[in-house]
Amino acid sequence: MKNIVILISGGGSNMVAIVRAARQEDWAQRPGARVAAVISNRPDARGLSLAQEMGVPTAVVDHKQYEGREAFEADLAAAIDAHQPALVVLAGFMRILTPGFVNRYAGRLVNIHPSLLPAFPGLHTHQRAIEAGCKFAGATVHLVTAELDHGPILAQAMVPVLESDNPDTLAARVLTQEHQIYPRAVASLLARSPQHPAA
């Protein structure tokens, strides 16, 4: 069984979409995978209770309890590695990861970004798209590399930018697409990945 570990910091809507897809599409049979754990750096993240309601084990590695990023990431990696993950999925995980952490999971670390990369890496993507006069916006699933929001693209979805849009309305429209492409991209990546022993 290929284990998926999902990292969250907030509401976890993309995490929920992935867990639901895994069950509805019976990922346990094909590609032979399961969501083994949801881990958050914030103990108050709403996504933790949602994961628990769905029967997914959870853990917290609170970054505020650590003086340095390296110490935090060492304990985060230990929590992840306890599940021997085939894939580590960032789903609204709001921490910039060091190159050492990224390299530890090279080829197994995936993220979703709310823009059509390479356009608008970083924060405030919807505001920047509106200000730039873009006719279209969207979301990108990509492998994570040491360079922020620049890894190989796995999937994208596009939505129109309406004249009436503000950052919130555009974000909501993009999010509906995120919930569709992220589970599909994760399943496709798992289908290509080698079997990894479950914990």
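Above: the structure in question.
Residues numbered from 1 in each chain as written. Predicted model: local features only at pLDDT ≥ 70, side-chain atom pairs only at ≥ 80, totals over all residues. Heavy atoms only, no water.

Draft legend 1. A look at the overall build of the protein chain. Along the backbone of the protein chain there are six helices and seven strands. In sequence order, the secondary structure elements of the protein chain are arranged as β-α-β-α-β-α-β-α-β-α-β-β-α. Relative to the 2.2 N^0.38 estimate, which gives 16 Å for 199 residues, the radius of gyration of the protein chain is 16 Å and therefore close to what a compact globule would have. Summarising its shape, the C-alpha atoms of the protein chain cover approximately 50 × 40 × 30 Å along the three principal directions. (Helix = DSSP H or I, 4+ residues; strand = E, 2+ residues; numbered from the N terminus. Rg over C-alpha atoms; globule rule 2.2 N^0.38 Å.)

Draft legend 2. Main features of the nonpolar core. Ile 4, Ile 6, Met 15, Trp 27, Val 89, Tyr 182 and Val 186 are the most contacted members of the largest nonpolar core, which has 42 residues in total. Counting residues in each nonpolar core, the second largest holds 18 residues, with Val 5, Val 61, Leu 76 and Tyr 105 among its members. (Core = buried A, V, L, I, M, F, W, Y, C linked by side-chain atoms within 4.5 Å. Buried < 20%, exposed > 50% of the residue type's maximum accessible area, 1.4 Å probe, protein only.)

Draft legend 3. Quick look at helix α6 (residues 167-192). Spanning 26 residues, α6 covers 36 Å between terminal C-alpha atoms, matching the ideal 38 Å at 1.5 Å per step. Along α6, the positions that sit buried rather than exposed are Leu 170, Val 174, Glu 178, Ile 181, Tyr 182, Pro 183, Ala 185, Val 186, Ala 187, Leu 189 and Leu 190. (Expected span 1.5 Å × (residues − 1).)

Draft legend 4. Molecular detail of the environment of Arg 34. With respect to the helices and strands, Arg 34 occurs in strand β2 (residues 33-40). Arg 34 sits in the partly exposed class, given a relative accessible area of 36%. In sequence terms Arg 34 and Val 19 are 15 residues apart; their C-alpha atoms lie 8.3 Å from each other.

Draft legend 5. Layout of the packing of aromatic side chains. Evaluation of the coordinates by the stated rule reveals two aromatic pairs. Stacked on the ring of Phe 72, the Lys or Arg Arg 95 has its end atom at 5.8 Å from the ring centre. (Phe/Tyr/Trp six-rings, centres within 6.5 Å; stacked < 30°, edge-to-face > 60°. Lys NZ or Arg CZ within 6 Å of the ring centre and 35° of its normal.)

Draft legend 6. Quick peek at helix α1 (residues 13-24). The terminal C-alpha atoms of α1 lie 16 Å apart, and with 12 residues this matches the ideal 16 Å at 1.5 Å per residue to within 8%. All of the buried residues along α1 are Asn 14, Met 15, Val 16, Ala 17, Ile 18, Val 19, Ala 21 and Ala 22. Next to the buried residues of α1 lie β1 (2-8), β2, α2 (46-53), β4 (85-90), β5 (109-113) and α6. Asp 26 sits one or two residues past α1 and shows a positive phi near 55 degrees. (Contact = heavy atoms within 4.5 Å.)

Draft legend 7. The side chain of Thr 140, seen in detail. Mapped onto the fold, Thr 140 is located in strand β6 (residues 136-143). A polar contact is formed between the side chain of Thr 140 and the backbone oxygen of Ser 115, at a distance of 2.6 Å. (Polar contact = N/O pair within 3.5 Å; in protein donor to acceptor, adjacent residues only side chain to side chain.)

Draft legend 8. Fine view of the pairing of β1. Counting buried residues in β1 gives seven out of seven residues, a clear majority hidden from the surface. Alignment of β1 against β2, held across seven bridges, turns out to be parallel. When the sheet's bridge partners are listed, Val 5 is paired in β2 with Ala 37. The parallel pair β1 and β2 is bridged by α1, and the resulting crossover is right-handed. When β1 meets β4, the two strands line up parallel, connected through five bridges. Across the sheet, Ile 6 pairs through a bridge with Val 89, a residue of β4. (Pairing = 2+ DSSP bridges. Right-handed = clockwise from strand over helix to strand, strands pointing away.)

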